[in-house]
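Summary of the model geometry
What follows is each chain in one-letter form.
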Amino acid sequence: MTKPLPRLMVAPNGARRGKADHPALPIELAELVETAIACHKAGADGIHLHVRDEQGKHSLDVGLYRASIAAIEQAVPDLFVQVTSEAAGRFGPEEQMHMIQELKPSSVSLALSELHRPPVDKAAAQRFYHWALGEGVGIHHIAYEPAQLGQILEFVDEGIIPGRNHQLQLVIGSYAGTDPSRPEDLDPYLKFIEPRQDDLALDWMICAFGPAETACLAYAAEHGGKLRVGFENSLWNADGSLAKDNAERVAEVLAATA
């Protein structure tokens, strides 16, 4: 059975940022473990994990993931560990799917819009999602905009995505900053979620970008959402100051949503 999403998940590095963006952004395995320990102490009960290759670039290498998961689970046994299947401009659907099928993670975030690109082969998508359910792979579905959430729910209704219990990652704003994060941008997502609460169990979380991250997460918490925070999405505190590290971001969001 898929574990529920943690209330507060840290996303400490992502696929794009490096040491030039912030010296405390973790790249090496030892840094990821140190960050996991610090963020757990600060109040995070989960980690959204990206791994990097020897050049520090985003990777979907199964061996790197296995080593990172093992090290973090040994250091922080109570921490929920999730991997990403993000393309980040480097990987196609075949590579993403191969990683998931080889690793069989207990939790993986994936975007239907990346893994099943138009024209969508619904039969192939159905085989994949049913395989994941049978193998105990927990899928955390990413929606970068409300229309994508609508498509995910359509796939549920059509039986392409099986079951009635689903985990959602709702994205507020954009990595590039061209679409600023605002708390009220959650509302169009809620219009999809609220009517389905009687027939579906939707376990949802949000992430936001820049100095508005804390305000957006606090708004989501008020509406029953779970929260993802960290340097993947924002390096800044609510007052606009540069955060010292991921643990400081976790502590601020925890205090704002207590």
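Here goes a summary of the coordinates provided.

About the cut-offs
- Residues numbered from 1 in each chain as written.
- Predicted model: local features only at pLDDT ≥ 70, side-chain atom pairs only at ≥ 80, totals over all residues.
- Heavy atoms only, no water.
- Helix = DSSP H or I, 4+ residues; strand = E, 2+ residues; numbered from the N terminus.
- Buried < 20%, exposed > 50% of the residue type's maximum accessible area, 1.4 Å probe, protein only.
- Contact = heavy atoms within 4.5 Å.
- Core = buried A, V, L, I, M, F, W, Y, C linked by side-chain atoms within 4.5 Å.
- Salt bridge = Lys/Arg side-chain N within 4 Å of Asp/Glu carboxyl O.
- Expected span 1.5 Å × (residues − 1).
- Arc of directions from axis to C-beta.

Before going further, it helps to examine the environment of Q126. As for its placement among the helices and strands, Q126 is situated in helix α5 (residues 122-135). According to the relative accessible area criterion, Q126 is partly exposed, its value standing at 33%. Remark: the alpha-carbon pair of Q126 and H141, spanning 15 residues in sequence, is separated by 14 Å. If sequence neighbours within four positions are ignored, Q126 has contacts with G159 and I160.

With that settled, consider the nonpolar core. Within the largest apolar cluster, 63 residues are counted, with the highest numbers of intra-cluster contacts made by Y129, L170, L186, W204 and I206. Excluding anything up to four places from it in sequence, Y129 contacts L110, L112, H116, I139, H141, I160, I161 and P162.

Tallying each qualifying case throughout the model produces 13 salt bridges. Between R182 and D185 there is a salt bridge, and its shortest N-O distance comes to 2.8 Å. We classify R182 as partly exposed; its relative accessible area is 43%. Overall, the relative accessible area of 17% leaves D185 in the buried class. Across the salt bridge formed by R196 and D199, the nearest N and O atoms sit 2.7 Å from each other. Exposure remark for D199: the relative accessible area of 33% places this residue in the partly exposed category. Counted as one network, the salt bridges with shared partners bring together D157, R164, R196 and D199.

A word on α5. The end-to-end C-alpha distance of α5, which contains 14 residues, comes to 20 Å, matching closely the 20 Å that a straight helix rising 1.5 Å per residue would cover. Of the positions making up α5, those classed as buried are A125, F128, Y129 and A132. What you see down the axis of α5 is that its buried residues fit within an arc of 90°, all on one side. Opposite the buried face of α5, at more than 90 degrees from it, the exposed residues are R127 and G134. Downstream of α5 by one or two residues, G136 has phi in the positive range, about 75°.

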